[in-house]
There are 2 protein chains.
Amino acid sequence: MAMKRAASTLITTTSSTISSLSSSSASSIITRNLHASGGKKKIVGVFYKGNEYASSNPNFVGCVEGGLGIREWLESQGHEYIVTDDKEGLDSVLEKHIPDLHVLISTPFHPAYVTAERIKKAKNLELLLTAGIGSDHIDLNAAAAAGLTVAEVTGSNTVSVAEDELMRILILTRNFVPGYHQAITGDWNVAGIAHRAYDLEGKTVGTVGAGRIGKLLLQRLKPFNVNLLYHDRLKIEPELEKELGATYEEDLDAMLPKCDIIVINTPLTEKTRGLFDKNRIAKLKKGVLIVNNARGAIMDTQAVADACSSGHIAGYSGDVWFPQPAPKDHPWRYMPNHAMTPHISGTTIDAQLRYAAGVKDMLERHFKGEDFPEQNYIVKQGELASQYR
Amino acid sequence: MAMKRAASTLITTTSSTISSLSSSSASSIITRNLHASGGKKKIVGVFYKGNEYASSNPNFVGCVEGGLGIREWLESQGHEYIVTDDKEGLDSVLEKHIPDLHVLISTPFHPAYVTAERIKKAKNLELLLTAGIGSDHIDLNAAAAAGLTVAEVTGSNTVSVAEDELMRILILTRNFVPGYHQAITGDWNVAGIAHRAYDLEGKTVGTVGAGRIGKLLLQRLKPFNVNLLYHDRLKIEPELEKELGATYEEDLDAMLPKCDIIVINTPLTEKTRGLFDKNRIAKLKKGVLIVNNARGAIMDTQAVADACSSGHIAGYSGDVWFPQPAPKDHPWRYMPNHAMTPHISGTTIDAQLRYAAGVKDMLERHFKGEDFPEQNYIVKQGELASQYR
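Below, the structure is looked at part by part. Bear in mind the structure is a predicted one, so any value in this text is a computation, not a measurement. (Residues numbered from 1 in each chain as written. Chains lettered and ligands numbered in written order. Predicted model: local features only at pLDDT ≥ 70, side-chain atom pairs only at ≥ 80, totals over all residues. Heavy atoms only, no water.)

## A closer look at helix 8 (residues 176–185) of chain A
Phase 1 of the analysis: Listed in full, the buried residues belonging to helix 8 of chain A are Phe176(A), Val177(A), Gly179(A), Tyr180(A), Gln182(A) and Ala183(A).
Phase 2 of the analysis: Turning to helix 8 of chain A, the residues buried within the fold contact helix 7 (158–173) and helix 9 (190–194) of chain A together with helix 7 (158–173) and helix 8 (176–185) of chain B.
Phase 3 of the analysis: Gly186(A) lies just past helix 8 of chain A and shows a positive phi near 80 degrees. (Buried < 20%, exposed > 50% of the residue type's maximum accessible area, 1.4 Å probe, protein only. Helix = DSSP H or I, 4+ residues; strand = E, 2+ residues; numbered from the N terminus. Contact = heavy atoms within 4.5 Å.)

This is the structure we're talking about:
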């Protein structure tokens, strides 16, 4: 794997696609790859801290203390394994290890932002692994230009996210949050909940994106007797589409105003960044409900908060924010009719076990110079996966 | 209808089943029925107050102010229609009208407790209608002994309740509540949620009761790839059982310890009152999750609170309490890992429109002396429906 990458990097650096690369950075890539071609590696993992919860569950492998459960295995092979949650700024633990790490494992839940600057500084870097799905915290163009490989554990938490989306659809439709508030504050006011609580049955639900997660969501929505719409670059294969009873909408802006409930299931790319801005939100049905477990930056933060305040959006729920961790003054914490949580949907205990196993598998292949499962690649030998191009 | 009832009452009062009836109450029944046999009626509806929400939604018919949307229709026929939320004690509005009301409409959400004493006092009473499902707030034996008819709008909110149950299953499995708390308190601690968040997929879900609501829940759970168990008096018809992929468990106590998640879908009867007491809870899987939208009194209140505190029950969610409204010091408001709300699942706007239409239909039939749809009867001509016997 490391050898392959060195070869491809050399080819890539001479190609016109990255002609902007200076000759000094091109030579630094070659140096890095000589280092990377074998032996003991320095692997850094950036995860959220478990703190008092770390020892509460033996399967809680996704936190710093759990370290994906691969420490013993890595160290037995002589590799160095550093785990931290300290990822921001020049004084952070991550920054300290940037100059000589070989592999960086990060997650979308506590994203280590891998900027072009950090990539430039990481002279030994061979491989960027995402424990989970969604590698937009990495500057993918810079990673591609540097000839790096970026891979994630595709499929590891698709079910987890789809289930969580259905939960949020129901939480908004049924107006759960004010009911829960009443329970804990000693109140009892059924009208305060019921005046805007609805059945899901009979409503129109549209998903923006019908990839792995979107399809799992549509499957789970099927028995609710809803009107299912989906927008994607690609139409779902006819047999599955029929089974799901979902209708393809080629034109996103034709679909959106039909929806009582909109679910975002598209990766964050240059095309989807800020997709839901003030203008697009203004064209949605008044009283629309929005679920977004994809990425916070697909929304214009302030436009969402304003539309929740005006009532144009009647409910917004999701677990993704920009940036993450969300600052204390993030407007989504304070807007009315939200049901937000920290980034959590893809890091259930079940998902952690799956993405930990996936990371271990890729490290094992990397050490042996073997390829990864094809669907895991986000950047392979300097080429971005199709959805990011 | 009124004529029929008078006739059946006369038969019933002479039968041995209610031989305990004193001759004076038997004669009072006869008197009532002479009153009831025609003309203008006094109808009292007991609903929750809408207050500032009453005018916020034209379809919000389930509150006092909405009055099921039948005032104009009733008054145009010369009937008197009184609506109130004041239902407790001797000074309440309900109590004031008990002596001369003909029809009492009540709901499970804000239950008018119709005791044997009130039934005795209600000399003109002909008909008790439940706007919704579940008439356990009425002393059904006393109503039967008095020869009254009790009917509900069967099916009016089964979908609403089943959807809400699935929401609660996911809220507990995914550990939503602490995540939401973090969002609104400015916190960000993924570990505090993730260490006990799970996928629903692969878990064992058992429903205690697989009637109309239980079956709808099983249908909606099917695509989640869970292990589905159900206990009921009756086995589901083979074709549907196969479609649902659910396994029948004849012995409740054999099923319960297998379940990761238990959902209560049985009416409150003398057999189910206090069904989940300290002993039965002790035999459940440690870390079990329980969803109960059926009736609060199926649980031993303190036993549930204690098991949540000890962690034996890892999560409890429901919208039913005893009594209702739940007092401010009800232990379920304060126990850990709950996701409680006031009684709300069956009173979505969609459900309100359906049960309002069902009540109107039964009143219309009653005025004309016609029978109700058979499945609506809880007490018919002095006989309890089979599940209450």
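## Examining the relation of the copies chain A and chain B
For the pair of chain copies, the relating operation is a rotation around an axis with a shift along it.
Phase 1 of the analysis: When chain A is fitted to chain B, the residual RMSD is 0.0 Å, and the transformation amounts to a turn of 180 degrees plus an axial shift of 0.0 Å. What the rotation and shift describe, once combined, is the action of a two-fold rotation axis. By C-alpha distance to the rotation axis, the residue of chain A lying nearest is Met167(A), at 2.7 Å.
Phase 2 of the analysis: A shared interface surface links the copies, since 100% of the contact residues of chain A are contact residues in chain B too. (Least-squares fit on C-alpha atoms with pLDDT ≥ 70 in both.)

## Comments concerning the state of the cysteines
All names here are of chain B.
Phase 1 of the analysis: Within this structure, the stated rule accounts for zero disulfides over all chains.
Phase 2 of the analysis: Free cysteine: Cys-259, not disulfide-bonded; nearest cysteine sulfur from Cys-308 at 16 Å.
Phase 3 of the analysis: For Cys-259, a relative accessible area of 0% gives the class buried. (Disulfide = S-S within 2.5 Å.)

## A few points about the interface of chain A and chain B
Phase 1 of the analysis: Contact residues are listed per partner, giving 68 residues for chain A and 68 residues for chain B.
Phase 2 of the analysis: Both sides of the chain A and chain B interface together cover about 6000 Å² of buried area, and 64% of this is carbon and sulfur.
Phase 3 of the analysis: In this assembly, chain A and chain B are joined by 10 salt bridges.
Phase 4 of the analysis: Arg174(B) serves as the salt-bridge partner of Glu163(A), at 3.1 Å between the closest nitrogen and oxygen.
Phase 5 of the analysis: Elements supplying a minimum of two residues to the side of chain A that touches chain B: helix 7, helix 8, helix 9, helix 10 (212–221) and helix 15 (349–368) of chain A.
Phase 6 of the analysis: For the side of chain A that touches chain B, the leading source of residues is helix 7 of chain A, giving nine residues.
Phase 7 of the analysis: Tallied by class, residues from the side of chain A that touches chain B come to 33 nonpolar, 21 polar and 14 charged. (Buried area = accessible area lost by both parts, 1.4 Å probe. Salt bridge = Lys/Arg side-chain N within 4 Å of Asp/Glu carboxyl O. Nonpolar A, V, L, I, M, F, W, Y, C, P; charged D, E, K, R; others polar.)

## Quick notes on unusual backbone geometry
All names here are of chain A.
Phase 1 of the analysis: The amide bond that connects Phe-322 to the next residue, Pro-323, takes the cis arrangement and shows omega of -5 degrees.
Phase 2 of the analysis: You can see Pro-323 is positioned in the loop between strand 11 (313–318) and helix 15.
Phase 3 of the analysis: Of note in this structure, Gln-381 is not a glycine but carries a positive phi near 50 degrees.
Phase 4 of the analysis: The topology assignment puts Gln-381 in the loop between strand 12 (377–380) and strand 13 (383–384).
Phase 5 of the analysis: Judged by relative accessible area, Gln-381 falls into the partly exposed class, the value being 29%.

## Some details on the pairing of strand 6 (residues 204–208) of chain A
Residues and elements named next belong to chain A.
Phase 1 of the analysis: Most of strand 6 sits inside the fold, with five of its five residues counted as buried.
Phase 2 of the analysis: Going residue by residue along strand 6, you find Thr-204, Gly-206 and Val-208 tucked away on one face and Val-205 and Thr-207 tucked away on the opposite face as well.
Phase 3 of the analysis: In terms of strand pairing, strand 6 meets strand 9 (residues 261–264) through four bridges, oriented parallel. Its bridge partner lying in strand 9, Gly-206 is registered against Ile-262. (Pairing = 2+ DSSP bridges.)

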